[in-house]
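Here's the letter readout for the chains.
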Amino acid sequence: MKIRVLALSVFIFFISQFSNAEDAVMFEGEGIRITESEVGNYIDNLLVNYKEKYETLDEATVGQIAELLYVTKLLAETAEDNPYIENEKVKWLGEFQVNSTLKEALLNVEAQALIRNVNFEDMAQKVYEKNKGQFETEKQVRASHILLRTQNKDEESVLKQILELKGKAEKGHDFALMARAHSQDPSARRNGGDLGFFAKGKMVPAFEEKAFSMQEGEISGPVKTEFGFHIIKVSDIRGGGIKPFAEVKSSIIESLKNDMAQKYKVDRISKLAENASTKPSLKIISRVLAKHKHIQGKTD
């Protein structure tokens, strides 16, 4: 695939024209070298072409830029000889920095090749067994209630009334109709006392504790809260269990693939930088930094 001229011309357009034989080499390996002037002009290029400035331009940042240029240039050239990069749709790269995108395309192809040879289903099963707690669904209860308020009232009299309503409900009287007729919850006339599904932490403690201890279809005895006396009917219960492996397998596998691909990319880049025969000295880095301190700071 003949894209070397395009890749190199876009990536080093602003730096190659300034290089000279006396440039100090900051990174070198596998036929690729990055010079002091290339790093300096890359820094200047960010301000001129992208209107960006570094918030902190220090020795560490300059070293990282040199490493970035080296690894990117090395992988971009490697990408030209990879037969799978065509399938990564490299041809539309004109609007992007070509070498950087070639680098990512190559890393993606290599990572996918690695992933194809891995039995992720077995790995996913092990992750599931080791971390079942992460796949637990939150228990939710659907309940209706009838509330009789006790404020400024005789509690014994209110308790007697709520027990009478409980008795009627247990005999089969329609709970929603009873709530509309007797409940002092303002929403009861509209919803028949139905509170919908709720999880723990959504209701006052005494009400919640009782509701979550009940079985579907059960009607509670009087429950005293700050609002008054309630009787509760649980109509449905959902969640509260571990999702089966079949339900979560695909998401686990996808996460494992992403993690493995990302680790491969980080390790690949790190090894390329480590294996360079020449690496930037603090002296050269300091010289580059001194020449380009004007790039530091934010633009408005």
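The preceding data block contains the structure.
The structure displayed is predicted, hence computed values, not measured ones. (Residues numbered from 1 in each chain as written. Predicted model: local features only at pLDDT ≥ 70, side-chain atom pairs only at ≥ 80, totals over all residues. Heavy atoms only, no water.)

> Account for the overall build of the protein chain, with residues named and values stated.
Of regular secondary structure, the protein chain possesses 12 helices and six strands. Burial analysis of the protein chain (300 residues in total) assigns 40% to the buried set. Approximately 17600 Å² of the protein chain is accessible, and the part contributed by carbon and sulfur atoms is 49%. (Helix = DSSP H or I, 4+ residues; strand = E, 2+ residues; numbered from the N terminus. Buried < 20%, exposed > 50% of the residue type's maximum accessible area, 1.4 Å probe, protein only. Areas by Shrake-Rupley, 256 points an atom, 1.4 Å probe, with all protein chains shown as cover.)

> Hey, could you go over the pattern of salt bridges for me, with residue numbers and the actual values?
Charged atoms that come close allow side chains of opposite charge to pair. Following the criterion strictly, the structure yields nine salt bridges and no others. Measuring nitrogen to oxygen at the nearest pair gives 3.0 Å for the salt bridge that ties glutamate 28 to arginine 33. We classify arginine 33 as partly exposed; its relative accessible area is 44%. (Salt bridge = Lys/Arg side-chain N within 4 Å of Asp/Glu carboxyl O.)

> Help me get a handle on the sheet that holds strand S4 (residues 194-199), residues and values and all.
Reading across from one edge, S4-S3-S6-S5 is the order of the four strands in this open sheet, with antiparallel pairing throughout. With one partner strand each, in any of the chains shown, S4 and strand S5 (223-225) form the two edges of the open sheet. Neighbour-to-neighbour, the strand axes of this sheet turn through a mean angle of 45°, independent of strand direction. The pairing of strand S3 (residues 140-148) with strand S6 (residues 228-238) spans nine bridges and is classified as antiparallel. Bridging from a neighbouring strand, valine 141 pairs with isoleucine 237 of S6. On the sheet, helix H7 (residues 155-170) packs against S3, S5 and S6 and is oriented at approximately 30° with respect to S6. Along the sheet, helix H8 (residues 175-182) makes contact with S3 and S6, crossing S3 at roughly 40°. (Pairing = 2+ DSSP bridges. Axes fitted to C-alpha atoms, helices over the stretch in contact; angles between N-to-C directions. Contact = heavy atoms within 4.5 Å.)

> So what about the nonpolar core? Which residues, and what values?
Membership of the largest hydrophobic core comes to 29 residues, with the highest contact counts inside it found for Met26, Val39, Val62, Tyr70 and Val288. If you list the elements that add at least two residues to this core, you get strand S1 (25-29), strand S2 (32-35), helix H3 (36-50), helix H4 (59-80), helix H5 (98-116), helix H11 (245-274) and helix H12 (282-291). Excluding residues within four positions of it along the chain, valine 39 makes contact with Met26, Ile34, Val62, Ile65, Ala66, Leu69 and Val288. (Core = buried A, V, L, I, M, F, W, Y, C linked by side-chain atoms within 4.5 Å.)

> Tell me about unusual backbone geometry, and please be specific about residues and values.
We note that glutamate 30 has phi near 50°; this positive angle belongs to a residue other than glycine. Mapped onto the secondary structure, glutamate 30 falls in the loop between S1 and S2. The exposed category is assigned to glutamate 30, whose relative accessible area is 63%. Backbone geometry at asparagine 152 places phi at a positive 60°, although glycine is not the residue there. Mapped onto the fold, asparagine 152 is located in the loop between S3 and H7. Residue classification places asparagine 152 among the exposed residues on the basis of a relative accessible area of 80%.

> Please provide a residue-by-residue account of the packing of aromatic side chains, values included.
Enumeration according to the criterion identifies five aromatic pairs in this entry. Ring geometry for phenylalanine 198 versus phenylalanine 212: centroids 6.0 Å apart, planes at 75°, classification edge-to-face. Of this pair, phenylalanine 198 sits in strand S4 while phenylalanine 212 sits in the loop between helix H10 (205-211) and S5, and the two are 14 residues apart along the sequence. Owing to a relative accessible area of 9%, phenylalanine 212 belongs among the buried residues under this scheme. Through successive ring pairs, a cluster of aromatic residues spans Tyr128, Phe135 and Phe245. A cation sits over an aromatic face here: lysine 224 above phenylalanine 229, 5.9 Å from the ring centre. Just above the ring of phenylalanine 197 sits the side chain of arginine 238; from NZ or CZ to the centre is 3.8 Å. (Phe/Tyr/Trp six-rings, centres within 6.5 Å; stacked < 30°, edge-to-face > 60°. Lys NZ or Arg CZ within 6 Å of the ring centre and 35° of its normal.)

> Which residues make up the pairing of S6, and what values do they have?
One ladder, built from three bridges, connects S5 with S6; its direction is antiparallel. Its bridge partner being in S6, valine 223 is matched across the sheet by histidine 230. Here S5 hands over to S6 after two residues, the two strands then running antiparallel side by side.

> For the packing of helix H6 (residues 120-130) against H11, give the residues involved together with the corresponding values.
Running from N to C, H6 and H11 point in directions that differ by 110°, and their axes come no closer than 9 Å. Compared by their axis directions, H6 and H11 come out roughly perpendicular. Across the interface between the two elements, Phe120, Glu121, Met123, Ala124, Gln125, Val127 and Tyr128 from H6 touch Phe245, Val248, Lys249, Ile252, Ile253, Leu256, Lys257 and Met260 from H11. Here the residues of the contact of H6 with H11 are counted per class, giving 11 nonpolar, one polar and three charged. (Parallel < 35°, antiparallel > 145°, perpendicular 65-115°, else oblique. Nonpolar A, V, L, I, M, F, W, Y, C, P; charged D, E, K, R; others polar.)

> Go over the side chain of glutamate 38 with me, naming the residues and quoting the values.
Tracing the chain through its elements places glutamate 38 in helix H3. Here the side chain of glutamate 38 touches threonine 35 through a polar contact of 2.7 Å, landing on its backbone nitrogen. (Polar contact = N/O pair within 3.5 Å; in protein donor to acceptor, adjacent residues only side chain to side chain.)

> For the layout of surface pockets, give the residues involved together with the corresponding values.
In this structure, the largest pocket encloses a volume near 170 Å³. As for the largest pocket, its lining consists of His145, Leu147, Arg149, Asp185, Pro186, Leu195, Met203, Val204, Phe207, Phe227 and His230. Across the lining of the largest pocket, the residue classes break down as seven nonpolar, two polar and two charged. (1 Å grid on protein atoms, 1.4 Å probe; cavity = no way out; pocket = protein on both sides within 12 Å on 5 of 7 lines; lining within 4 Å. Points joined across faces, edges and corners; volume = space filled by probe spheres on them.)

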